[in-house]
Amino acid sequence: MKLGEVPFIIAIDSVIINTAVCYRIACPVPEIGITLSPGIPVLVAATCGIIFMLDIAPSIAFSSGVLGPLIGADLLHIRKIIKTARVGVVSTVGTETFDGIVILGIVATLLV
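Residues numbered from 1 in each chain as written. Predicted model: local features only at pLDDT ≥ 70, side-chain atom pairs only at ≥ 80, totals over all residues. Heavy atoms only, no water.

Chemist: Can you help me understand the overall build of the protein chain in this one?
Modeler: A count of helices and strands for the protein chain gives five helices and two strands. In the protein chain, the succession of helices and strands from N to C terminus is α-β-β-α-α-α-α. Looking at the protein chain as a whole, 34% of its 112 residues qualify as buried. Within the protein chain, residue pairs in contact and separated by at least 24 positions form 72% of the contacts whose partners lie at least 6 positions apart. (Helix = DSSP H or I, 4+ residues; strand = E, 2+ residues; numbered from the N terminus. Buried < 20%, exposed > 50% of the residue type's maximum accessible area, 1.4 Å probe, protein only. Contact = heavy atoms within 4.5 Å.)

Put into structure tokens, the structure is as follows:
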């Protein structure tokens, strides 16, 4: 295994962990979209970065914190949203997901 492959595999593992957590805690709400507490994915992403590889913790935290909620909360719940939607437009990347990504950017910057 090459030196560059290790951080990539760690980042993928972190994304998978955060995706699983976001999938479990995300809740599709009819006529609103997906609700997700922005703090939990941020804490999971930062913890993965610190535990797995402290040298590149900001990069791991940022990639895991952005992709985890987008995949776990939005993409994996898309069928539930389509079934429960009573309106023509549903927001998948709502304010809570956006808030979490902004908070994550600040936390990842502080890990430097």
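After that view of the structure, there is still more to cover.
Chemist: Explain the environment of Ala45 to me, please; I cannot follow it from the model alone.
Modeler: By the element assignment, Ala45 lies in helix H2 (residues 39–52). On the basis of relative accessible area, Ala45 is assigned to the buried category, the value being 0%. C-alpha of Ala45 to C-alpha of Gly65: the two residues are 20 residues apart in sequence and 5.1 Å apart in space. In this view, Ala45 contacts Asn18, Ala61, Ser64, Gly65 and Leu104; residues no more than four positions away in its chain are not counted.

Chemist: So what exactly am I meant to see when it comes to a nonpolar patch on the surface here?
Modeler: Residues Phe8, Ile9, Ile12 and Ile16 make up a contiguous nonpolar surface patch of roughly 390 Å² in combined accessible area. Tracing the backbone shows Phe8 in helix H1 (residues 5–25). Residue classification places Phe8 among the exposed positions, given a relative accessible area of 58%. (Patch = residues over 30% accessible without salt bridge, like charges linked within 9 Å, V, L, I, M, F, W, Y side chains within 5 Å. Areas by Shrake-Rupley, 256 points an atom, 1.4 Å probe, with all protein chains shown as cover. Salt bridge = Lys/Arg side-chain N within 4 Å of Asp/Glu carboxyl O.)

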